[in-house]
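Residue-level structural notes
Spelled out, the chains give:
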Amino acid sequence: MKLIVGNQKTTLNRDAVLKFIDEVNLNGVNDVVICPSYPYIEIYNSKSKFVVGAQNVSEKGNGATTGEVSAEQLNSFNVKYCIVGHSERRKDQKENGEMLYNKIVNLLEFNIKPIFCVGEVLEEKENGVTKDVIGKQILEVFDKLDVNKLNDIIIAYEPVWAIGTGLTPTNDEIEDTTHYIKDLVNDKYNVNISVLYGGSVSKKNVDELNQIDIVDGYLIGGASTKADEFNYIMESNV
Ligand code: 13P
C-alpha cells in the first residue's frame, strides 16, 4: 500500500475544510496524511482520522520569530509529518539548501518526519539535466545531516512542470527518476529512502501510477482538496 499525503496549500477556507472532512472517506486506510494550513490543524486532529502534517516549519526554534511556527509547536499539536522545500517555497520564499537543512534538523529533533521535495523545471527536463538537478538538491542537504537520521526522511519527487498542470511524466520516467534517487541515497549513505511522486495525481491517472511499484506513495495537491477525487485515490490504493 502506498503512503498518501495531501498538500492542501491555501486552497480551502474553514467551511470548505469542514465540508471536505464530512465528505471524505478514508475507506479504512490507516495513516493517510493531510497537510492543511496551520489554522486547520486542530480541526483535522479533532474531527478526522487523518494523520496530520504541516506544509512548512520555521528554520529557527521558539522565540523572537514573528509569524513563524516552530517544530516544537507543531509537535505539541501532534503533527507527524512536514513538507520541506516545496518548489513553490523554493521559488517564492527563495528557500535554499541551508534553510532546508535547518528546517529538517528542527523537525527531526521533535520526531516529525520531513517530506523533502525535489524536482526539475521544464527547461531542465528539456535539457536532459533532471538527475543532475535532483542529485544536487538532495546532496546539498543530506551531506550535512547525521546519516543515522536519514531513515526518518521521505523524499517527494515533484517535477515543477507537473504541479497543477494536468501533465505528468510517463510511468517509465517516474520509475527511472525514483530509481536514481533511491540508488543515490543508498550508494552514498547506505540508507533505503522512501520516495513519493507528486504532480497532477488525480483519479484520472492514479490507477496507471499505481503500477509503478518502486514509488512508495503520492504527494497530492489539488485532488486532496476535493473529496470525490481523494476518495477515489484512496479506494484505488486498498
Ligand atoms: P497538484 O497535485 O495540484 O499538481 O500539486 C502537487 C503538489 O504540489 C503537492 O505538493
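Since the structure is predicted, the reported quantities are computational estimates derived from the model, not experimental observations.

Moving on to the sheet that holds strand β6 (residues 154-157). On the basis of which strands lie adjacent, the closed barrel formed by 8 strands has the order β1-β2-β3-β4-β5-β6-β7-β8 and parallel pairing. Across the sheet, the mean angle separating the axes of adjacent strands is 25 degrees when strand polarity is ignored. Where strand β4 (residues 81-84) meets strand β5 (residues 113-118), 4 bridges bridge the pair, whose relative direction is parallel. Pairing of Ile-83 across the sheet is with Ile-115, part of β5. Taken strand by strand, helix α10 (residues 227-235) contacts β1 (3-7), β2 (33-35) and β8 (217-220), and its axis lies near 165 degrees from that of β1.

All told, the structure shown has 0 disulfides when counted by the stated rule. Looking at Cys-35, it has no disulfide partner, and the nearest cysteine sulfur is the one in Cys-82, 7.3 Å off. The exposure class of Cys-35 is buried, given its relative accessible area of 0%.

Our next topic: the site of the ligand. Contacts to the ligand come from 13 residues, most closely from Lys-9, His-86, Gly-164, Ser-200 and Gly-222. Within the backbone of Gly-221, an N or O atom sits 2.9 Å from an oxygen atom of the ligand.

Turning next to the pairing of β5. Among the 6 residues that make up β5, 5 are buried, leaving the element largely enclosed by the rest of the structure. Two strands pair when backbone bridges link them, and β5 and β6 are joined in this way by 4 bridges, in the parallel orientation. Bridge pairing in β6 links Val-118 to Tyr-157.

Thresholds applied
Residues numbered from 1 in each chain as written. Predicted model: local features only at pLDDT ≥ 70, side-chain atom pairs only at ≥ 80, totals over all residues. Heavy atoms only, no water. Pairing = 2+ DSSP bridges. Helix = DSSP H or I, 4+ residues; strand = E, 2+ residues; numbered from the N terminus. Axes fitted to C-alpha atoms, helices over the stretch in contact; angles between N-to-C directions. Contact = heavy atoms within 4.5 Å. Disulfide = S-S within 2.5 Å. Buried < 20%, exposed > 50% of the residue type's maximum accessible area, 1.4 Å probe, protein only. Near = heavy atom within 4 Å. Polar contact = N/O pair within 3.5 Å; in protein donor to acceptor, adjacent residues only side chain to side chain.

Remember that the coordinates give geometry; whether it matters functionally is a separate question.
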